[in-house]
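# Fold and geometry: a report
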Amino acid sequence: MARRFSKSKTIDTRSEDEQQQDRSRRLRIVGPWAVTALGPVLVEGGHLIVAGNPAALALATLGLAGTGASLCKFLGHLDSKAKRDKDTVRLHQVNTITVTAAVTLGTITGVDTAATAGAWAIGGIGLSLANNLWSSFHKKGSEKGASKWEKLEAEIGLAKHEIKEPKSNGKGTVIAQVEAKDGATADDLVRRIPALASALKIGKGRITHTVDDDDSSLITMRVQVADLLKEGFPWRGPSAFGASIGDVPIRTGRYEDGEDVLLNITGMLRDPGPLSNGNVEHAIAMGVNGAGKTQGNQLIIVECGTRTEVSVIAIDCSKFQQDFGHVRHGIEWPIDKKDAARRFFKLLPNAIEKRTDYLAAMGLSKWEPGCGLNFLVVIGEEAADFAADNEHYQKILRTARAAGIWILTSIQRATHNNMDTDSRANSPAGLCFGLRDGADAQYCLPDEAIEAGAWPQWGNRKPGYHYAAGLGIPEDRWHITARTELASKRDQADAITAGAAIRTPLDAITAEAFGDLYVNRTTYDAPLLPKEEGEENTPQQAAPAPTVTATAPAAPAAPAYSGPPDEEMDDVDPDTMAREVEELNEMLQNVLDEDPEPGEYDHLRIEDEIEPPADDAPVFALGGDDSDKLTSDQGRQALYERLDQWVREGKNSFAPREVTDIVIKVNLSDTKRWFYRQRDALIEAGVISEDESDEGFGKYDILRSPLSGNN
């Protein structure tokens, strides 16, 4: 049997890209030598064709020169689109110009002489060697000196995205226009961003992007290669001291590219600057404990406290003095109790109605500076204490913006069990500070900011860092990290103190709408600050609003505790003790002497039955006669006077049993039904409301006096 021999086939284990790169390398090396060796044959042939005809020779010469010039220009355009470095562009230009000149001159003179052939050979060999050396060493050198941005460009090129016009702002930020080609999308780029961030050795959230609204293939990519917020920025003071809140936006911090964080809380500004005008947008400030929400709220209060036509209402039912004690004298209405916050939100709809009626009478569809009403800024710190399951809260968020009221809900996590979903939907703006889970940003930031790359998963490791969306801020800045300015409590307190001279008092329409609850509020005339060295340690007291003094006598003060009973007994004088015992016996004897029938029942024992009274025994009646009865109108008036007295005394709630003495005097057969009718009328009039708190079952909140001017 014949033995079959076969040649073994070599298997190339390289990838397709590696094989293509090898073929390109061979072409770059062999190509220049092929032009040097074969070029003279072609050029000499052309020379022989046109040498005998002067006109053809002239036309050929012009054609070759024009073709070379056009080729040089076209190659320069290709290099520009491919963003090749300057050295590569120069090499291509030298090659094109040299070859064009050699072909043109060779066509005119020919290369059949020793001089022309020698010149072609020397020039060709030199140019070929130069191209070979360039191909061997330039790539390694360019890769070694490649910038991070060039590496990023290479990575994006793999995903069919071409970078155009990358620019650095000199502050650690590179912005580039990216064009998606061959059906690539922005989503393809987003999937590559984590790998690109890893290649550039930068953190998650430092590469963000926005897509052009008119052309989805155009993408603006932003790379933050350095954290310029790490050292923080000192507070520069109020941004517009003495100006109206409706003049210019308020400033709370800086972005990582050095631009100011500006907020348009009123919706309309005379000079919005880089922001846009629109409507009032309620906001959610969200972040874990220690992320810097409170410091941001303090800066907002200071900005408002140094402006005109604005009043601040701050609600903090957990630690008001600790959070806002140093700026409390600039807060128009500080609320630090849950029951007071509950009553405030029950009365706020009445204030909204009165304010919108006033604006409508002025021909205004929204609040504007100079309209006669103060813009109201309501800051709810630790809002989970009062926003969860509060039906009044979500209704207010739907209607307050038209009345010139901005509500900031500050909360650690705005999930459904801490904040009603409707309330969250009616708070379109967001100030998102550090979170434990970056995915929770969806409860605070718009979808556009999250899709662009906003990722605040730094917890409380970076206090003050945040994203700001809405409030007139351009959408292309919603995903840029910012940080609140660093302000000491004393500097903020000094600014608030200085602003007392220019602040506008709350307008009468709003004050009357809140009624007695506003009149009886607690206000402060001094900041609560830690004492500095050498400063007297005098207590700072609250200055309560004026109230009517109650007629009830004050309870006597309890004696000071002076030690255990045994120690007190050891110090008592025996003579004094004997005298007091004698006085006590005398008092008891006096009581026995005043008994009208002493000893009448001495013979009875506990087990004996009491003898029935005689027929002619006197009958004692409990209570008064018919003259004490009240008509329905008189009972209503007595009930109103009781409520009015409680309001003046500062009593904010009551239980039905506290008015039983009035109800039983009403001369009706069914007094319980009469009370329920009065209760329903008072609730409908907004005088009282049911206490929905867990500990307030069966009680009623007193919102205002039924005898005040509003009623």
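Residues numbered from 1 in each chain as written. Predicted model: local features only at pLDDT ≥ 70, side-chain atom pairs only at ≥ 80, totals over all residues. Heavy atoms only, no water.

### Looking at the pattern of salt bridges
- One pass over the structure, following the stated rule, counts 23 salt bridges.
- Salt-bridge contacts for Arg342 lead to Asp701; the nearest nitrogen and oxygen are separated by 2.9 Å. Placement of Arg342 in helix 9 (residues 338-361) and of Asp701 in strand 19 (residues 700-702) is noted, with a sequence separation of 359 residues between them. Take Arg342 and Asp701: they sit in the same class, and that class is buried.
- Residues Arg648 and Asp644 are paired through a salt bridge, measuring 3.0 Å at the closest nitrogen-oxygen approach. Remark: Asp644 and Arg648 occur in helix 18 (residues 632-649); sequence separation between them is four residues, near one turn of the helix.
- Taking the relative accessible area as the measure of exposure, Asp644 reaches 16% and is therefore buried.
- Where salt bridges share partners, they join Asp339, Arg342, Arg343, Lys346, Asp691 and Asp701 into one cluster. (Salt bridge = Lys/Arg side-chain N within 4 Å of Asp/Glu carboxyl O. Helix = DSSP H or I, 4+ residues; strand = E, 2+ residues; numbered from the N terminus. Buried < 20%, exposed > 50% of the residue type's maximum accessible area, 1.4 Å probe, protein only.)

### A few points about the side chain of His326
- You can see His326 is positioned in the loop between helix 8 (320-324) and strand 9 (333-335).
- Judged by relative accessible area, which is 1%, His326 ranks as buried.
- At 2.6 Å, the side chain of His326 forms a polar contact with the side chain of Gln492.
- In this view, His326 contacts Gln298, Lys489, Gln492, Ala493, Pro527, Leu528 and Leu529; residues no more than four positions away in its chain are not counted. (Polar contact = N/O pair within 3.5 Å; in protein donor to acceptor, adjacent residues only side chain to side chain. Contact = heavy atoms within 4.5 Å.)

### Remarks on empty space enclosed by the protein
- One pass over the full model with this rule turns up two cavities of 30 Å³ or more.
- The calculated volume of the largest cavity comes to roughly 60 Å³.
- Lining the largest cavity are Thr252, Leu263, Lys293, Gly296, Asn297, Ile300, Leu431, Phe433, His466 and Thr484.
- Counting residues per element, the lining of the largest cavity draws most heavily on helix 7 (residues 293-305), which supplies four residues.
- Reported here for the second largest cavity is a volume of approximately 40 Å³.
- Around the second largest cavity sit Leu639, Phe654, Phe675, Arg679, Leu682, Ile688 and Tyr700, which together line it.
- Among the elements that make up the lining of the second largest cavity, the one with the highest residue count is helix 20 (residues 671-684) (three residues). (1 Å grid on protein atoms, 1.4 Å probe; cavity = no way out; pocket = protein on both sides within 12 Å on 5 of 7 lines; lining within 4 Å. Points joined across faces, edges and corners; volume = space filled by probe spheres on them.)

### Digging into unusual backbone geometry
- Look at Glu309: it is not a glycine, yet its phi comes out positive at around 60°.
- For Glu309, a relative accessible area of 16% translates into the label buried.

### Here's the deal with helix 10 (residues 391-399)
- Among all positions in helix 10, only Tyr393, Gln394, Ile396 and Leu397 are buried. The buried residues of helix 10 occupy an angular sector of 160° when the element is viewed end-on, so they sit on one face.
- Lining the buried residues of helix 10 we find helix 9, strand 11 (405-411) and helix 11 (421-425). (Arc of directions from axis to C-beta.)

### A look at the sheet that holds strand 7 (residues 283-286)
- With respect to topology, ten strands assemble into an open sheet ordered 6-5-14-13-12-7-11-10-8-9, the strand pairing being mixed. In the strand order of this sheet, the two ends are held by strand 6 (260-263) and strand 9, each with one partner. Strand after strand, the sheet turns through a mean of 25° between neighbouring axes, direction not considered.
- Taken together, the five bridges between strand 10 (residues 375-381) and strand 11 define a ladder with parallel strand orientation. (Pairing = 2+ DSSP bridges. Axes fitted to C-alpha atoms, helices over the stretch in contact; angles between N-to-C directions.)

### A few points about the nonpolar core
- By size, the foremost hydrophobic cluster in this structure holds 97 residues, and its most contacted members are Phe344 and Trp406.
- In terms of residue count, the dominant contributor to this core is helix 9 (nine residues).
- Filtering out sequence-adjacent residues up to four positions away, Trp406 remains in contact with Ile265, Val280, Glu281, His282, Ala283, Ile300, Phe375, Leu376, Val377, Val378 and Leu471.
- By size, the runner-up hydrophobic cluster in this structure holds 16 residues, among which are Leu639, Tyr640, Val659 and Trp674. (Core = buried A, V, L, I, M, F, W, Y, C linked by side-chain atoms within 4.5 Å.)

### Looking at the pairing of strand 7
- Residue alternation in strand 7 divides its side chains into two sets, Ala283 and Ala285 and Ile284 and Met286, and both sets are buried.
- Across four bridges, strand 7 lies against strand 12 (residues 429-432) in parallel orientation. Its bridge partner lying in strand 12, Ala285 is registered against Leu431.
- Both strand 7 and strand 11 contribute to a ladder of four bridges, which runs parallel. The residue bridging Ala283 from the neighbouring strand is Leu408, located in strand 11.

### Topic: the packing of aromatic side chains
- All chains considered together, the criterion is met by 13 aromatic pairs.
- When the centroid spacing of 5.2 Å and the interplanar angle of 85° are considered together, the rings of Trp333 and Phe344 count as edge-to-face. With Trp333 in strand 9 and Phe344 in helix 9, the pair connects residues that are eleven residues apart, well separated along the chain.
- For Phe344, a relative accessible area of 0% corresponds to the buried category.
- The interplanar angle of 85° and the centroid separation of 4.9 Å between the aromatic rings of Trp333 and Phe514 together place this pair among those described as edge-to-face. Residue Trp333 is located in strand 9, and its partner Phe514 is located in helix 14 (residues 508-514); the two are separated by 181 residues in the primary sequence.
- Look at Phe514 and you get buried, because its relative accessible area is 0%.
- Chaining the aromatic ring pairs together yields one cluster made of Trp333, Phe344, Phe345, Tyr393, Phe514 and Tyr518.
- Against the face of Tyr255 rests Arg477, its NZ or CZ located 4.4 Å from the ring centre.
- A cation over an aromatic ring shows up here: Arg521 above the ring of Tyr518, its NZ or CZ 3.9 Å from the ring centre. (Phe/Tyr/Trp six-rings, centres within 6.5 Å; stacked < 30°, edge-to-face > 60°. Lys NZ or Arg CZ within 6 Å of the ring centre and 35° of its normal.)

### So, the pairing of strand 6
- Direction of pairing for strand 5 (residues 250-255) relative to strand 6: antiparallel, over a ladder of four bridges. Along strand 6, the bridge assignment pairs Gly253 with Val261.

### Here we look at the confidence of the model for the protein
- With 79% of its residues at a pLDDT of 70 or more, the protein shows a mean pLDDT of 80.
- Note on residues 1-8: pLDDT under 50 across the span, and zero contacts to partners over four residues away in sequence or across chains.
- Per-residue pLDDT stays below 50 along residues 140-146; that stretch engages in two contacts with residues further than four places along the chain or on separate chains. (pLDDT = per-residue confidence, 0-100.)

### Focus: the sheet that holds strand 18 (residues 688-690)
- On the basis of which strands lie adjacent, the open sheet formed by three strands has the order 17-19-18 and antiparallel pairing. Edge positions in the sheet fall to strand 17 (653-654) and strand 18, since each of these pairs with one other strand and no more.
- Contacting strand 18 and strand 19, helix 9 crosses the sheet at an angle of about 75° to strand 19.
- Helix 20 rests against strand 18 and strand 19 of the sheet, and its axis sits at about 105° to strand 18.

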